Amino acid sequence: MSSVVRARRAVRETVSGLPPAFWWLWTSTLVNRLGAFVATFMALYLTLDRGYSATYAGLVAALHGLGGVISSLGAGVMTDRLGRRPTLLVAQVATALSVAALGFVRDPLAIAGVAFLVGMASNASRPAVQAMMADIVRPEDRIRAFSLNYWAINLGFAVSSMAAGFIAEYSYLAGFLIEAVMTLVCAVVVFLKLPESKPVRSAEAAAREAGVRLTTVLRDGRFMGVVGLSFLIALIFQQASVGLPIAMGEAGFTPADYGMAIAVNGVLIVVLQIPVTRFIEHRDPGRLLVISALLAGYGLGLTAFAGSVGVFALTVCVWTLAEIVNAPTQTGLVVRLSPVHGRGRYQGMYTMSWAVAALVAPLMAGFVIDRFGSVWLWGLCAVIGTVAGLGYALLMRRLPAGVEEKTGGGEEKTGSAVERPAEVGASSAV
């Protein structure tokens, strides 16, 4: 009984102190991920239902990823100029319409084109979500908030992945339409419950900040270092969905075996994200990033020695722990290095590192496995993890310990009720 009480108390402490606006944003994220069916069964839809080749399915996936790369920067600019809320609404409505259209188009060129639009629209909301979360949550609570949001993403993905298989057996079109409807529900939540959170600045501060552009982000060497390290980490994690199924297939394992092994990832994140967040919340982010980079690299590296589903599952446990620690810590670092007035652009550049990794990882996996074998791929992951760990160690040594975030000069004033200190401290669970 005492352990149950302690568990309830731990959960209560983890979710307390966050503003109501955060929980509406969290709810929108969860609903969005619960309906994320298309990404799960796109390849099966194109090859099994529509009868296209694996090469064509790969091309469509690449175009989907390319759309995400392009929209990352554009959405970042929109987030700063138009605001967080308008960007979210445009992205979610566009996603719903394009996903629904994807279920009806039949021409190969039309499918490829609409998939590109889906990639652009679905990725456009990420800079706005992250910027809004940074706006409405106190700096000392951000790692906890990002962890809870990441937990919602993975909970929704785990449920939608299981549901996608059953829905696909009935009708692929139903899956597209369900995702479109649930994305529209997200837009309704944003429209009704989330006020604009973009900070309102004084005229003097606004004049100083008018010159912030994407080139400003590119010239920010320290932040671009984080973007580069983020790309390396994403490149490692992407191999779990690209290189791992190929390697297991070549070793004689079935798709069901891969499904059992990779399912450990979602289960662990759902179970451990909240308690691990409590453990890391007030610890040195530099050490956490170094450790998570090494765990990611060597966790995937250990795959070279796996010979059974159980051992594959154990390696998944190692790099999943790295993912649980890295995701909120790295996102918090991005916010810390981003000027308040340029959060959208900075978050867009950060989001692009993951989108580019999603493009590069399949090419990397195919080339290395075909030329040298899967063992070399896992060894390369260990090397990349080591390089990323060293990079984080060097980067964090040069980061002043007392800096919370950039303000870009000038006085910053709150732009909406969700930013007022009295309300930020209030908690409300939806």
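Please read these numbers as outputs of a predicted model, since none were measured by experiment. (Residues numbered from 1 in each chain as written. Predicted model: local features only at pLDDT ≥ 70, side-chain atom pairs only at ≥ 80, totals over all residues. Heavy atoms only, no water.)

**Q** Sorry, what's going on with the overall build of the protein chain here?
**A** Helix and strand counts for the protein chain come out as 18 helices and two strands. Expressed as a percentage of its 430 residues, the buried residues of the protein chain come to 50%. A separation of at least 24 residues holds for 87% of the contacts in the protein chain among residues at least 6 apart in sequence. For the protein chain, the computed accessible surface area is about 18800 Å², with 68% contributed by carbon and sulfur atoms. (Helix = DSSP H or I, 4+ residues; strand = E, 2+ residues; numbered from the N terminus. Buried < 20%, exposed > 50% of the residue type's maximum accessible area, 1.4 Å probe, protein only. Contact = heavy atoms within 4.5 Å. Areas by Shrake-Rupley, 256 points an atom, 1.4 Å probe, with all protein chains shown as cover.)

**Q** Please explain the nonpolar core as it appears in this structure.
**A** One recurring pattern in soluble globular proteins is that nonpolar side chains are buried together. Phe223, Phe312, Leu333, Leu377 and Trp378 are the most contacted members of the largest nonpolar core, which has 50 residues in total. Broken down by element, the residue count for this core peaks at 11 residues, all from helix α16 (residues 343-371). Ranked by size, the runner-up nonpolar core spans 26 residues in total, among them Val129, Met132, Ala134 and Leu148. (Core = buried A, V, L, I, M, F, W, Y, C linked by side-chain atoms within 4.5 Å.)

**Q** I keep staring at the packing of aromatic side chains and nothing clicks. Help me out?
**A** The relative placement of two aromatic rings is captured by the distance of their centres and the angle of their planes. Within the structure shown, the criterion is met by nine aromatic pairs. Ring geometry for phenylalanine 223 and tyrosine 346: centres 4.5 Å apart, planes at 65 degrees, overall edge-to-face. Here phenylalanine 223, found in helix α11 (residues 221-238), pairs with tyrosine 346, found in helix α16; they are 123 residues apart in sequence, far enough to count as distant. Summarising the burial analysis for this pair, phenylalanine 223 and tyrosine 346 share the class buried. Centroid distance phenylalanine 367 to phenylalanine 372: 6.2 Å. Interplanar angle 75 degrees. Geometry classified as edge-to-face. Overall, phenylalanine 367 belongs to the partly exposed group, its relative accessible area being 43%. Taking NZ or CZ as reference, arginine 283 lies 3.9 Å from the ring centre of phenylalanine 279, over its face. (Phe/Tyr/Trp six-rings, centres within 6.5 Å; stacked < 30°, edge-to-face > 60°. Lys NZ or Arg CZ within 6 Å of the ring centre and 35° of its normal.)

**Q** Would you mind going over the pattern of salt bridges with me for this structure?
**A** Opposite charge on two side chains lets them pair, provided their charged atoms get close. Enumeration according to the criterion identifies eight salt bridges in this entry. Put simply, arginine 84 and aspartate 135 hold a salt bridge, and the shortest N to O gap is 2.6 Å. In this pair, arginine 84 sits in helix α5 (residues 84-102) while aspartate 135 sits in helix α6 (residues 108-136), placing the two residues 51 residues apart along the sequence. Pair check on accessibility: arginine 84 and aspartate 135 agree, each one buried. One salt bridge in this structure joins aspartate 141 and arginine 138, with 2.8 Å as the shortest N-O distance. Aspartate 141 gets classed as buried once you look at its relative accessible area, which sits at 5%. (Salt bridge = Lys/Arg side-chain N within 4 Å of Asp/Glu carboxyl O.)

**Q** Teacher, can you tell me more about helix α13 (residues 255-280) here?
**A** Side chains of residues three or four places apart in an α-helix project in the same direction, reflecting 3.6 residues per turn. Counted at 1.5 Å a residue, the expected span for α13 with its 26 residues is 38 Å, and the 35 Å between its end C-alpha atoms agrees. Of all the bends found along α13, the most pronounced is centred on leucine 272 and spans about 50 degrees, while proline 275, a proline, follows it within four residues. Of all the positions in α13, only Asp257, Tyr258, Ala261, Asn265, Gly266, Leu268, Ile269, Gln273, Ile274, Val276, Thr277 and Ile280 are classed as buried. (Expected span 1.5 Å × (residues − 1). Bend = angle between axes of the 7 residues up to and from the residue.)

**Q** Explanation requested: the environment of glycine 385 in the structure shown.
**A** On the secondary structure map, glycine 385 appears in helix α17 (residues 374-397). Setting aside anything within four residues of it in sequence, one finds glycine 385 in contact with Ile236, Ala293, Leu294 and Gly297.

**Q** Looking at this structure, how should I read a nonpolar patch on the surface?
**A** On the surface, Phe367, Phe372, Val375 and Trp376 cluster together into a nonpolar patch covering about 480 Å² of accessible area. Mapped onto the fold, phenylalanine 367 is located in helix α16. (Patch = residues over 30% accessible without salt bridge, like charges linked within 9 Å, V, L, I, M, F, W, Y side chains within 5 Å.)

**Q** Which parts of the structure should I look at to understand the side chain of glutamine 92?
**A** Assignment of secondary structure puts glutamine 92 in helix α5. Among the residues examined, glutamine 92 registers a relative accessible area of 8% and is labelled buried. Excluding anything up to four places from it in sequence, glutamine 92 contacts Ser28, Thr183, Cys186, Ala187 and Val190.

**Q** Can you help me understand the side chain of serine 230 in this one?
**A** On the secondary structure map, serine 230 appears in helix α11. A polar atom in the side chain of serine 230 sits 3.0 Å from the side chain of tryptophan 354. Excluding its chain neighbours within four sequence positions, the residues that come into contact with serine 230 are Gln330, Tyr350, Ser353, Trp354 and Tyr392. (Polar contact = N/O pair within 3.5 Å; in protein donor to acceptor, adjacent residues only side chain to side chain.)

**Q** Quick question: what am I supposed to make of the environment of leucine 59 here?
**A** Here leucine 59 is to be found in helix α4 (residues 54-81). On the basis of relative accessible area, leucine 59 is assigned to the partly exposed category, the value being 46%. A sequence separation of 53 residues divides leucine 59 from alanine 112, and the C-alpha atoms of the two residues are 7.9 Å apart.

Geometric descriptors of this kind do not, in isolation, establish any biological role.
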